[in-house]
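Residue-level structure breakdown
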Amino acid sequence: MRKLLAIVWKENYERFTDRAGLLYMLAAPLALSIILGLAFSGLSGNSSDISISDIPVAIVNLDEGSAQARYGDIFVQAFVPPNPENEDPDNTLHHLFDAREMTDEAEARALVERGDLDAILVIPPDFSQSLTLDAAAFAGGPENVSLGGHAELTAYWNSGAQINWSIFRDVVQGIANGIANSNIAINVTVSGLIQANPLFGLQMATGAFNDTFAEIAQAASQPGANPINLRQVNVQGEEVGQQFDPLQYFGPAFAIFFTGFTAVFGAASVLQEQRDWTLQRMIVTPTPSLIILAGKMIAAFVGGVLQMVMLIVSMTLIASLLRGEFTNIWGDDLLGVALLTLAVVAAGTGIGAILAGIVKTNEQANNFGSLILIIMGMISGTFFALPENPALTLISRLTFHWWGREGFTMLSNGHPLADVLPNIVVLTALGLVCFVAGLWLFNRRLEA
Amino acid sequence: MRKMIAITLNDLRLFFQSPMNLVFLIVMPIIFIYVMGLAFDGDGSGGSVRFRLDVLDQDASPASQALVAALESANPNVIVCPRPAGLTEEEADPCALGEALDEPLTAELARQRVEDNVTYGSLTIPAGYGVALASGEQIELVFQSNADLTAPQIVLQTVQSVLTRIGGATIAARLSTETAEAWGVVNADNRPTYYAARYAEAQAAWGPPPPIQINAEATIDGSTRSGAGGFGQSTAGMACMFVMQTVLGMAAILVEERQNRTLQRLLVMPVSRAQILGGKLLRGFGIGLFQFSILLVFGHFLGVTFGDNLPAAILVVLAYVLAVTAISMALATLARTAPQADGIALLAALSLAPLGGAWWPLSIVPEFMRVIGHVSPVAWAMDAFTSLVYEGGDLPEVIVPVLVLLGFAAAFFTFGVTRFRYE
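Source: prediction; values computed, not measured. (Residues numbered from 1 in each chain as written. Chains lettered and ligands numbered in written order. Predicted model: local features only at pLDDT ≥ 70, side-chain atom pairs only at ≥ 80, totals over all residues. Heavy atoms only, no water.)

**Looking at the overall build of chain B**
Stated formally: Each helix corresponds to a stretch of at least 4 residues labelled H or I by DSSP, and each strand to a stretch of at least 2 residues labelled E; elements are numbered beginning at the N terminus. Throughout this description, buried means an accessible area under 20% of the type-specific maximum (1.4 Å probe, protein chains only), exposed means over 50%, and partly exposed covers the range between. The criterion used for residue contact is that any of the two residues' heavy atoms lie within 4.5 Å. Residue burial considers only the protein chains on display, and all accessible areas are found by Shrake-Rupley using a 1.4 Å probe.
Scanning chain B from terminus to terminus reveals 16 helices and five strands. Sorting the 423 residues of chain B into buried and exposed places 54% on the buried side. Within chain B, contacts between residues separated by at least 24 positions form 75% of all contacts whose residues are at least 6 apart in sequence. Carbon and sulfur atoms form 61% of the exposed surface of chain B, whose accessible area is close to 17700 Å².

Here it is in structure tokens:
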């Protein structure tokens, strides 16, 4: 036991005093987390500030209006501040967009193609006329009332600004829905009244209902007018506030990714010792070879655990600093976090052990190990969400990164320990099986 | 010059002898470009990606069935589950219900399917939905999803869009009925009939087609270059990142040669120091250029083009690789051992790449991050490529990024050359 502990201590002393190694182990994942946290700081935590702002867009308002309305102006009023020098700080749209009104569509399109604008909205001259009923419709009886007003808007956007375009499109769609709500409510009201009594149509033609129509339009476009409410909840049934916390997702993902390198290469370092003949020198000492090998593997495991602990603490500090208050991105179930950490490192160490048992040289271990870990990281969704594909989904389940990241995500979302037990079991089993197999393979080669 | 090239060719030969180097040089970046490009290729509205949505209809009224039907026709990329009865097993199970195919979908099963990422969300239509809709009363539907990055907004947007249409019809029916009541047309006896007739008219008015249709066109036509949008970012971004990683890694080789004293052995030969250093740097530059070219050609096959101005693209590539080579030169003067140089190179690549917009466009980060990001040469290269790929840019549009990159090169070369020690 003493010899085992001596090997473990020596390995980790070398590992944690190597400045180059500390760059891989700690500096790289922390740097990435800080960059991500700052880049998406407006999307995480309780911050009400949005990180995206001043999206350059233009409204090309060619709408000539109708007797009843000028719907094109609604878009202009929504996007373009009346006084650009003195924007209303409470107006979210004015903060989100840097919008201007234009009258020349060709010029606006050229600005989009040059990248000066991310998107434009072109409102055609007959926009209002296409939607609203005219006086003849009122006086002509029910058969003249058309409910199917239809208008088309054109949006032109820069393909390199996909995210900004999707935000602009959603806002435009929202305003268009509001206009459609008002317009259809008025048209349906007109239709119903004229069907009940055609004389109403004559009154409408004289303008007697204009105030009523204005009230209907306003009531229909109110934010709370829709009787159908959609409540969004997460899988625990809790109301969803923020949709996505980048640190909660990427923090554990990067921690697992970089700890994987420590665990895998730590276990495979036995090949370097074999190349340098220090392993053979240790074997001739009165120490069973299995103890030496096990000591190396356990040292890699311990090193990985220490690294994960440091990363957990550091990332918690980073998240707290970025949000200005204590923020635990790992969840409150410390036992769950601890067990999952041990399981993840065990899996990584196991893979390192089997790698050491299969390959013949340290260079092979470095090359194949890096390749395997980077591909595992990618297909498990460490760097970005993968497109939906059954094959990719299945393959991602073969990586310890996926099981670890899923487990940490569940814990940070408040799942109890029982829910992550399958992840812990799978990871531990993977680690044990690979560890035993790798140890056996390597020991057999050593004895040969 | 001949001696310098001889040194370069020797180093290149040694580098390309190892097949694993080619794997990291070409195969790995290509995989990243392709997968990342797919991941960033829009929100699924135009692509071939499909998303499952479970619908729990606890009302089973004509109104709730109409809602389900509207969801099914709203977006071809959203699969509403469970599928209607009467389909073949193959048609019925894009929902991946398996053994549960013939059983009613329960709330717990739907929740589990969301949690397991089998579906991207579940929508519960409560009992009483139809009655509430008919009378214009408030009703709450519940959308359950995994609130993380892997839950795209397309499913939620589809649900919201359909609910807006149906809700809009209810609003119109209610307001018109109330107005008719105020004018004495409607009373307690004929109210339900009047309301139902207005609701039907309003539903018809909402379409399809929608009353206000938004026709969107992009500067790059998605129909002719499917997926080019996402690949434009991933090709340029991943190429910048992997080339930086490769070329900065050359610093470790320089340091190792100094430690192994092969540099010193070269010094005793009739070769000048400038030729030795030049040869070594030319190796890094050549490998970086080779790698960047292969990746851009791959991007071209994915539909990414650099406008009509290929010389401008070549200029950007040359300037970028030169800048990164200079940084690797400077790095070699800071590290004492090869592992140290490797560590710094990895840290630099993994920091400068996302900072500079290789992973996501800088247009979506806060202003201060955009400013900080331009500390990285990657940001200037990405500015130039964005202009060429998406904005029809020409030489004048890329001249500033190119000059800045050349400035990086000049500064770091000066730093590196003055500090470099052969022993």
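**As for the sheet that holds strand 2 (residues 97–102) of chain A**
How we decide: What makes two strands pair is DSSP finding at least two bridges between them. Helix axes are fitted only over the stretch in contact, all axes being lines through C-alpha atoms; the angle between N-to-C directions runs from 0 to 180 degrees.
The strand order 2(A)-1(A)-3(A)-4(A)-5(B) describes an open sheet built from five strands, whose pairing is mixed. Strands with a single pairing partner mark the edges of an open sheet, and in this sheet they are strand 2 of chain A together with strand 5 (212–218) of chain B. Averaged over all neighbouring strand pairs, the angle between strand axes comes to 20°, with direction disregarded. Judged from the five bridges that link them, strand 1 (residues 55–61) of chain A and strand 3 (residues 119–123) of chain A form a sheet pairing that is parallel. The residue bridging A:Ile59 from the neighbouring strand is A:Leu121, located in strand 3 of chain A. Contacts from helix 3 (residues 71–79) of chain A reach strand 1, strand 2, strand 3 and strand 4 (151–157) of chain A within the one sheet, and its direction differs from that of strand 1 of chain A by about 155°.

**Remarks on the interface of chain B and chain A**
Interfaces are often sized by the amount of accessible area the parts lose when they come together. For clarity, the threshold we go by: What counts as buried area is the accessible surface, traced by a 1.4 Å probe, that two parts surrender upon association, with contributions from both included. When a carboxyl oxygen of Asp or Glu is within 4 Å of a side-chain nitrogen of Lys or Arg, the pair counts as a salt bridge. Pairing of N or O atoms within 3.5 Å defines a polar contact, subject to two protein rules: one partner must be a possible hydrogen donor and the other a possible acceptor, and residues neighboring in sequence count only if both atoms are side-chain atoms.
Taken residue by residue, the interface counts 102 residues in chain B and 103 residues in chain A. Interface of chain B and chain A: buried area, both sides summed, is about 9000 Å²; carbon and sulfur atoms make up 66% of it. Our enumeration of links across chain B and chain A arrives at two salt bridges. When the shortest N-O distance is used, the salt bridge between A:Arg109 and B:Glu217 registers 3.2 Å. Seen at the junction of chain B and chain A, the total is 24 residue pairs in polar contact (both at pLDDT 80 or more). Looking at which element gives the most residues to the side of chain B that touches chain A, the answer is helix 7 (residues 154–182) of chain B, with 17 residues.

**Thoughts on unusual backbone geometry**
Residue and element names in this part refer to chain B. In this model, Cys-81 is joined to Pro-82 through a cis peptide bond whose omega is -5°. Mapped onto the elements, Pro-82 comes out in the loop between strand 2 (78–81) and helix 4 (89–92). Here the phi dihedral of Ala-60 falls at roughly 55°; this positive angle occurs in a residue that is not glycine. On the secondary structure map, Ala-60 appears in the loop between strand 1 (51–57) and helix 3 (62–74).

**Overview of the environment of B:Met241**
Mapping B:Met241 onto the fold places it in helix 9 (residues 228–259). In the structure, B:Met241 is positioned 112 residues away from B:Ala353 in sequence and 5.4 Å away in space, judged by C-alpha atoms.

**Things to note about the packing of aromatic side chains**
Defined as follows: Any pair of Phe, Tyr and Trp rings, taking the six-membered ring for Trp, is counted once the centres come within 6.5 Å. Such a pair is stacked with planes under 30 degrees apart, edge-to-face with planes over 60 apart, and tilted for the rest. Look at NZ for Lys and CZ for Arg. If either is within 6 Å of the ring centre and within 35 degrees of the ring normal, a charge sits over the ring.
One pass over the structure, following the stated rule, counts 26 aromatic pairs over all chains. For the pair A:Trp157 and A:Trp165, a centre-to-centre distance of 5.3 Å together with 5° between the ring planes defines the contact as stacked. Across this residue pair, the class does not change: A:Trp157 and A:Trp165 are buried. Where B:Phe408 meets B:Phe412, the ring centres are 6.3 Å apart and the plane angle is 5°; that geometry is what we call stacked. Residue B:Phe408 and its partner B:Phe412 are both found in helix 16 (residues 395–419); the two are separated by four residues, about one turn of the helix. Residue classification places B:Phe408 among the buried positions, given a relative accessible area of 17%. Members of the aromatic cluster, joined through ring pairs, are A:Phe79, A:Phe97, A:Trp157, A:Trp165 and A:Phe168. A cation over a ring is seen here: B:Arg198 above B:Tyr194, with NZ or CZ 4.6 Å from the ring centre.

**Remarks on the packing of helix 12 (residues 310–334) of chain B against helix 16 of chain B**
Residue and element names in this part refer to chain B. We apply this condition: Each angle receives one of four descriptions, namely roughly parallel if under 35 degrees, roughly antiparallel if over 145, roughly perpendicular if within 65 to 115, and oblique otherwise. Two helices that cross are described as forming a left-handed crossing if the nearer one is turned anticlockwise from the farther one by less than a right angle, and a right-handed crossing if clockwise. Ten residues, namely Ala, Val, Leu, Ile, Met, Phe, Trp, Tyr, Cys and Pro, are considered nonpolar, four, namely Asp, Glu, Lys and Arg, are considered charged, and the remaining ones, Gly among them, are considered polar.
Between helix 12 and helix 16, whose axes approach to 8 Å, the crossing angle comes to 20°. Of the possible angle classes, the one that applies to helix 12 and helix 16 is roughly parallel. Helix 16 is crossed by helix 12, and the crossing has left-handed handedness. Of the residues belonging to the contact of helix 12 with helix 16, the class tally is 23 nonpolar, three polar and one charged.

**A few points about the sheet that holds strand 3 (residues 122–125) of chain B**
Reading across the sheet, the five strands line up as 5(A)-4(B)-3(B)-1(B)-2(B) and stay open at both edges, with mixed pairing between neighbours. Since the sheet does not close on itself, it has two edges, and those belong to strand 5 (228–233) of chain A together with strand 2 of chain B, each with one partner. Averaged over all pairs of adjacent strands, the angle between their axes in this sheet comes to 25°, without regard to strand direction. Sheet topology places strand 5 of chain A next to strand 4 (residues 139–144) of chain B; six bridges connect them, and they run parallel. Directly across from A:Ile228, in strand 4 of chain B, lies its bridge partner B:Ile139. The sheet strands contacting helix 7 of chain B are strand 5 of chain A together with strand 1, strand 2, strand 3 and strand 4 of chain B, and the helix crosses strand 5 of chain A at an angle near 160°.

**Considering the confidence of the model for chain B**
Residue and element names in this part refer to chain B. We count it as follows: Per-residue confidence from the predictor is reported as pLDDT, a score between 0 and 100.
Overall, the predicted model of chain B reaches an average pLDDT of 82, with 89% of residues at or above 70. For residues 43–48, every residue scores under 50 in pLDDT, and the model assigns this stretch eleven contacts once sequence neighbours within four places are set aside. Every residue in residues 222–227 is under pLDDT 50, and counting partners more than four places away or in other chains gives five contacts. Overall fold confidence for the complex sits at a pTM of 0.75, while the interface term, ipTM, reaches 0.72.

**A few points about helix 5 (residues 107–115) of chain B**
Among the residues making up helix 5 of chain B, those that are buried are B:Ala110, B:Arg111, B:Arg113, B:Val114 and B:Glu115. Tucked inside the fold, the buried residues of helix 5 of chain B contact helix 17 (400–412) of chain A together with strand 1, strand 2, strand 3 and strand 4 of chain B. Positive backbone phi, at 60°, marks B:Asn117, one or two positions downstream of helix 5 of chain B.

**Observations concerning the environment of A:Leu22**
Residue and element names in this part refer to chain A. Examined against the element boundaries, Leu-22 turns out to sit in helix 2 (residues 19–39). Taking the relative accessible area as the measure of exposure, Leu-22 reaches 24% and is therefore partly exposed. A sequence separation of 328 residues divides Leu-22 from Gly-350, and the C-alpha atoms of the two residues are 22 Å apart. With residues near it in sequence (within four places) discarded, Leu-22 still touches Phe-16 and Ala-27.

**Focus on the side chain of B:Thr325**
All names here are of chain B. Considering the arrangement of structural elements, one finds Thr-325 in helix 12. A relative accessible area of 2% places Thr-325 in the buried class. Contact partners of Thr-325, with chain neighbours within four places excluded, come to Val-247, Leu-281, Gly-284, Phe-285 and Phe-413.

**A look at the pairing of strand 3 of chain B**
Residues and elements named next belong to chain B. Burial along strand 3 is two-sided: the residues Ser-122 and Thr-124 and Leu-123 and Ile-125 are all buried. Alignment of strand 1 against strand 3, held across four bridges, turns out to be parallel. Within the sheet, the bridge partner assigned to Leu-56 lies in strand 3 and is Thr-124. Sheet analysis places strand 3 next to strand 4, joined by three bridges and oriented antiparallel. Its bridge partner lying in strand 4, Leu-123 is registered against Phe-143.

**Thoughts on the packing of helix 14 (residues 334–358) of chain A against helix 17 of chain A**
Residues and elements named next belong to chain A. Helix 17 packs onto helix 14 with a crossing angle of 175° between their chain directions and a minimal axis gap of 10 Å. Accordingly, the angle class assigned to the pair helix 14 and helix 17 is roughly antiparallel. Taking contact as the criterion, the partners of Gly-336, Val-337, Leu-340, Thr-341, Val-344, Ala-347, Gly-348 and Ile-351 in helix 14 are, on helix 17, Phe-400, Gly-404, Gly-407, Phe-408 and Leu-411.

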